Amino acid sequence: RPVIDGERATAAASLNFEPYSYVPEKSVVAVARQANAPAAFKPGYVEISGLEIRNTIDKSYTDSAGQTQAYWSSGGGIYLRGAEHVTIRDCEIHHAFSGLIAESGSAEELVNRDILIERCWFHDNAKSTSWAGWNLALEGVGMTVQFCRLDPNANRDKTAKALGLTIPRSILFR
């Protein structure tokens with residue numbers, strides 16, 4: 001399986017996410033609006049499949065300006081912001097502060113919609129010295145998580161942490 005490793009990763013010079021979203025600091029893989037896209041634009045119809053995504057904990061990357069940056073402790077292996085019609089399938093996500101973060105805002109263009117996460121394996125996320133960190137931290141409408149394996153986090157919390165900060169009845173675990 002192909003590996004996307006956050007340790008010493010380099011962001012493309014053309015990477016230009018919306019101001020104040022801090023997308024690169026929050027993830028190795030992201031689906032979020034570019035700064036030059038219309039305000040109402042929602043990135044979508046994206047499939048992320050068959051990947052191993054790892055290493056944001058105490059790691060750094062080179063940003064699009066060529067500067068070394070650290071990943072934020074609120075970041076994840078995959079980060080969604082205002083995305084729709086996204087499928088994440090058959091991925092292994094580990095050694096990130098949080099495995100997958102779907103962050104929504106109050107305006108429609110920032111709400112995640114129609115997200116499918118299936119047959120993924122989340123493990124060893126969170127920092128070993130911290131209580132914080134999740135396999136899944138999800139905000140949005142119409143989210144389905146099915147046939148996934150959520151193992152304990154690196155902090156040895158015995159729960160396979162999933163944080164659902166969603167609109168009621170919008171998340172389905174199978």
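Residues numbered from 1 in each chain as written. Predicted model: local features only at pLDDT ≥ 70, side-chain atom pairs only at ≥ 80, totals over all residues. Heavy atoms only, no water.

**Things to note about the overall build of the protein chain**
Across its full length, the protein chain holds zero helices and 18 strands. Going through the 174 residues of the protein chain one by one, you find that 45% of them count as buried. In the protein chain, 74% of the contacts between residues at least 6 apart in sequence involve partners at least 24 apart. Counting only carbon and sulfur atoms, one obtains 52% of the accessible surface of the protein chain, whose full area is about 8500 Å². (Helix = DSSP H or I, 4+ residues; strand = E, 2+ residues; numbered from the N terminus. Buried < 20%, exposed > 50% of the residue type's maximum accessible area, 1.4 Å probe, protein only. Contact = heavy atoms within 4.5 Å. Areas by Shrake-Rupley, 256 points an atom, 1.4 Å probe, with all protein chains shown as cover.)

**Focus on the pattern of salt bridges**
Scanning all chains against the criterion turns up 14 salt bridges. In this structure, the salt-bridge partner of glutamate 84 is lysine 42, at a minimum N-O distance of 3.9 Å. Residue glutamate 84 is located in strand E9 (residues 84–89), and its partner lysine 42 is located in the loop between strand E3 (27–31) and strand E4 (44–49); the two are separated by 42 residues in the primary sequence. The class for lysine 42 is buried, based on a relative accessible area of 11%. The shortest N-O distance in the salt bridge between arginine 54 and glutamate 52 comes to 3.1 Å. Overall, arginine 54 belongs to the partly exposed group, its relative accessible area being 25%. (Salt bridge = Lys/Arg side-chain N within 4 Å of Asp/Glu carboxyl O.)

**Structural notes on the packing of aromatic side chains**
Each pair of aromatic rings is reported with the distance of its centres and the angle of its planes. All told, the structure shown has one aromatic pair when counted by the stated rule. Centroid distance tyrosine 61 to tyrosine 71: 4.8 Å. Interplanar angle 35°. Geometry classified as tilted. On the criterion of sequence distance, the pair formed by tyrosine 61 in strand E6 (residues 60–62) and tyrosine 71 in the loop between strand E7 (68–70) and strand E8 (76–81) is long-range, its members being 10 residues apart. Overall, the relative accessible area of 4% leaves tyrosine 61 in the buried class. On the basis of relative accessibility, which here comes to 7%, the residue tyrosine 71 falls in the buried class. (Phe/Tyr/Trp six-rings, centres within 6.5 Å; stacked < 30°, edge-to-face > 60°.)

**What about unusual backbone geometry?**
One non-glycine residue, arginine 119, lies in positive phi territory at about 55°. Relative to the helices and strands, arginine 119 is located in the loop between strand E12 (113–118) and strand E13 (121–123). Assessed through its relative accessible area of 44%, arginine 119 is described here as partly exposed.

**Observations regarding the state of the cysteines**
Tallied over the full model, the rule gives zero disulfides. Cysteine 91 takes part in no disulfide bond, and the closest cysteine sulfur to it belongs to cysteine 120, at a distance of 4.8 Å. Here cysteine 148 stays free of any disulfide, with the sulfur of cysteine 120 as its closest cysteine sulfur at 4.8 Å. (Disulfide = S-S within 2.5 Å.)

**Examining the side chain of asparagine 125**
Relative to the assigned elements, asparagine 125 resides in the loop between E13 and strand E14 (136–138). Exposure remark for asparagine 125: the relative accessible area of 0% places this residue in the buried category. At a separation of 3.3 Å, a polar atom in the side chain of asparagine 125 contacts the main-chain amide nitrogen of histidine 95. (Polar contact = N/O pair within 3.5 Å; in protein donor to acceptor, adjacent residues only side chain to side chain.)

**Notes on the nonpolar core**
Core analysis: the biggest nonpolar cluster contains 22 residues, and Ile48, Ile78, Leu80, Ile88, Leu100, Ile117 and Leu138 have the highest contact counts within it. Of all the secondary-structure elements, those providing two or more residues to this core are E3, E8, E9, strand E11 (98–103), E12, E14 and strand E15 (141–146). Not counting the four nearest positions on each side in its chain, isoleucine 117 is found in contact with Ile88, Leu100, Phe122, Leu138, Thr144, Val145, Gln146 and Cys148. (Core = buried A, V, L, I, M, F, W, Y, C linked by side-chain atoms within 4.5 Å.)

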